[in-house]
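Secondary and tertiary structure notes
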Amino acid sequence: MVSVVPNASLLVYNTFGIDCRARNLAVVECEGDLDELLRNGLLHRGEYIAIGQGSNLVFGEWYDGTVVVMRNKGFQLVGETESSVSVKVAAGEIWDDFVKKSIASGWYGIENLVAIPGTVGAAAVQNIGAYGSESSDVVESVETFDSETGNTVKFLAGECAYGYRNSRFKQSDKGRYVVTSVTFRLSKTFTPQLDYKPIADALGTGSTNASTLADTIECIRWSKLPKPDEMGSAGSFFKNPVVSMGEYEVLKMQYPDMPAHAAHGGYKLAAGWLIEKCGWKGRSLGRCGVYEKQALVLVNRCGCNGNEVRKLAEAIAGDVKQKYGISLEYEAEFVGFEGDRYKKHDGHKR
Ligand code: EPU
């Protein structure tokens with residue numbers, strides 16, 4: 001039987017370390033637990049949220065619904081060819097455990113995504129990415145629990161509408177499908193992805209193997225980003241904005257040193273650079289601050305609450321808009337703030 005805790009603290013269920021409370025908290029250890037929550041009326045769309053490690057969330061003071069923490073476990077080899085394997089991984093597995101296990105098994109394609117906080121299920125929703133790779137590069141299919149019907153619904157990768165930190169599960173189907181497992185296709189051949197210059201520089205010219213590459217990436221990662229067990233944060237707080245080629249031409253004339261690269265039919269700019277240039281790097285508002293080594297990351301300076309995070313995020317976005325005319329979008333999601341209660345999502349019916 002799934003245990004449902006009323007009026008529960010979410011402090012240990014989010015990496016920002018915000019002490020929000022939820023009307024109900026349910027820790028799901030198998031798919032049958034979701035059936036039970038549905039039967040008990042705890043999975044109405046807009047009145048529950050499924051989470052992994054809560055590494056991309058900012059909680060307010062009170063979530064007036066059920067927080068469903070996915071903790072189902074398991075890895076299963078479900079297919080194999082001469083060149084690849086298909087591995088089905090339960091949504092509640094820790095993403096980094098999966099990366100390490102894959103490297104140790106001689107399965108490749110996710111080395112660059114080493115040490116990203118969060119679960120496998122969240123990776124499939126969020127399309128996590130770093131150092132030239134994205135999780136959607138290796139997703140074969142995503143199995144879900146339909147909270148409207150109780151059916152299992154499987155989506156092939158091509159049906160998941162993957163984009164930059166985006167998928168159908170964050171858009172039209174938000175709040176409908178709970179990801180229960182993800183099947184990944186990994187290669188038996190190691191082909192290092194070295195497009196990100198600091199990695200190529202750190203590795204030098206010799207050949208490398210997957211463990212060395214992952215170790216190098218982990219070093220680069222922790223030299224710029226706070227470790228979740230040392231400082232509360234939600235990783236990159238803002239998305240890197242994409243502007244049209246025309247807009248970029250104008251910006252480049254005004255700011256010749258502005259970093260950018262061609263992506264998604266336009267140019268992707270560096271939100272961290274824009275925030276730093278607005279003077280926010282290392283500064284704080286209340287108990288929420290901008291990380292000293294990476295301006296894209298907002299950090300908990302000690303016991304901060306969701307409203308302090310929101311105020312800082314709005315102040316930063318306002319300054320970037322005023323100085324550069326660019327609207328920053330949040331990568332982190334705000335949940336449990338005044339005004340969101342029972343907010344229904346009007347996604348289309350399948
Ligand atoms: N930059 C600054 N100041 C800063 C931060 C960055 O000028 O404070 C400049 C850098 O000098 C560089 C550019 O911005 O020219 C890009 O910086 P970086 O390579 O560090 O990466 P990012 O664009 O800031 C993205 C992802 C990270 C991911 C890294 C590495 C997003 C929103 N963020 O950050 O993802 O780890 O690339 O691939 O796309 C996450 O999503 O939580 C996350 C950490």
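Summarised in this report is the structure supplied together with it. (Residues numbered from 1 in each chain as written. Predicted model: local features only at pLDDT ≥ 70, side-chain atom pairs only at ≥ 80, totals over all residues. Heavy atoms only, no water.)

Focus on the overall build of the protein chain
Secondary structure assignment for the protein chain yields eight helices and 20 strands. Compactness check: the protein chain gives a C-alpha radius of gyration of 20 Å against a globular reference of 20 Å for 350 residues, within 12% of the reference. Taking the principal axes of its C-alpha atoms as reference, the protein chain extends roughly 60 × 55 × 40 Å. The 350 residues of the protein chain split such that 50% are buried. Restricting the contact set of the protein chain to residue pairs at least 6 apart, pairs at least 24 apart contribute 63%. Taken as a whole, the protein chain presents about 15900 Å² of accessible surface, with 49% of it coming from carbon and sulfur. (Helix = DSSP H or I, 4+ residues; strand = E, 2+ residues; numbered from the N terminus. Rg over C-alpha atoms; globule rule 2.2 N^0.38 Å. Buried < 20%, exposed > 50% of the residue type's maximum accessible area, 1.4 Å probe, protein only. Contact = heavy atoms within 4.5 Å. Areas by Shrake-Rupley, 256 points an atom, 1.4 Å probe, with all protein chains shown as cover.)

Some points on the nonpolar core
By size, the foremost hydrophobic cluster in this structure holds 51 residues, and its most contacted members are Phe 16, Phe 237, Phe 238, Leu 298 and Ile 316. If near-sequence neighbours (up to four positions away) are discounted, Phe 238 is found in contact with Ala 271, Ile 275, Leu 296, Leu 298, Ala 313, Ile 316, Leu 328, Glu 329, Tyr 330 and Glu 331. Counting residues in hydrophobic clusters, the runner-up holds 41 residues, among them Leu 113, Val 138, Cys 160 and Tyr 177. (Core = buried A, V, L, I, M, F, W, Y, C linked by side-chain atoms within 4.5 Å.)

What about the site of the ligand?
Taken together, 24 residues surround the ligand, and among them Tyr 131, Tyr 164, Tyr 196, Asn 240 and Glu 276 come closest. One nitrogen or oxygen atom from the side chain of Tyr 164 is found 2.6 Å from an oxygen atom belonging to the ligand. When the ligand is considered free in solution it has 820 Å² of accessible area, and contact with the protein chains removes 79% of it. Secondary-structure elements contributing two or more residues to the shell around the ligand are strand 8 (129-130), helix 5 (210-224), strand 13 (233-236) and helix 7 (271-277). If one sorts the elements of the shell around the ligand by residue count, helix 7 sits on top with three residues. Partitioning the shell around the ligand into residue classes produces eleven nonpolar, six polar and seven charged. (Near = heavy atom within 4 Å. Polar contact = N/O pair within 3.5 Å; in protein donor to acceptor, adjacent residues only side chain to side chain. Nonpolar A, V, L, I, M, F, W, Y, C, P; charged D, E, K, R; others polar.)

Brief notes about the pattern of salt bridges
Summed over the entire model, instances satisfying the criterion amount to 17 salt bridges. Across the pair Arg 23 and Asp 64 runs a salt bridge, and its minimum N-O distance is 2.9 Å. Taken together, the residues span a long stretch of sequence, with Arg 23 in strand 2 (residues 21-28) and Asp 64 in strand 5 (residues 62-70) at a distance of 41 residues. With a closest N to O distance of 2.8 Å, Glu 140 and Arg 185 form a salt bridge. Placement of Glu 140 in strand 10 (residues 139-146) and of Arg 185 in strand 12 (residues 177-187) is noted, with a sequence separation of 45 residues between them. Judged by relative accessible area, which is 22%, Glu 140 ranks as partly exposed. A residue is classified by how much of its surface remains accessible, and Arg 185, at 46% relative accessible area, is partly exposed. Salt bridges sharing partners connect three or more residues here, namely Arg 45, Asp 146, Glu 148 and Arg 176. (Salt bridge = Lys/Arg side-chain N within 4 Å of Asp/Glu carboxyl O.)

A look at the pairing of strand 19 (residues 297-300)
Residues of strand 19 alternate between two faces, with Val 297 and Val 299 on one and Leu 298 and Asn 300 on the opposite face, all of them buried. As consecutive antiparallel partners, strand 18 (residues 288-290) and strand 19 are separated by six residues. (Pairing = 2+ DSSP bridges.)

Some details on helix 8 (residues 306-324)
With 19 residues, helix 8 should reach 27 Å at 1.5 Å per residue; the first-to-last C-alpha distance of 27 Å fits that figure. All of the buried residues along helix 8 are Gly 306, Glu 308, Val 309, Leu 312, Ala 313, Ile 316, Ala 317, Val 320 and Tyr 324. For helix 8, the angular spread of buried residues about the axis comes to 165°, placing them on one side. Summarising the geometry of helix 8, the exposed residues directed more than 90 degrees from the buried face are Lys 311 and Gln 322. Measuring from the backbone nitrogen of Asn 307 back to the side-chain oxygen at the start of helix 8 gives 3.1 Å, which picks out Asn 305 as the cap. (Expected span 1.5 Å × (residues − 1). Arc of directions from axis to C-beta.)

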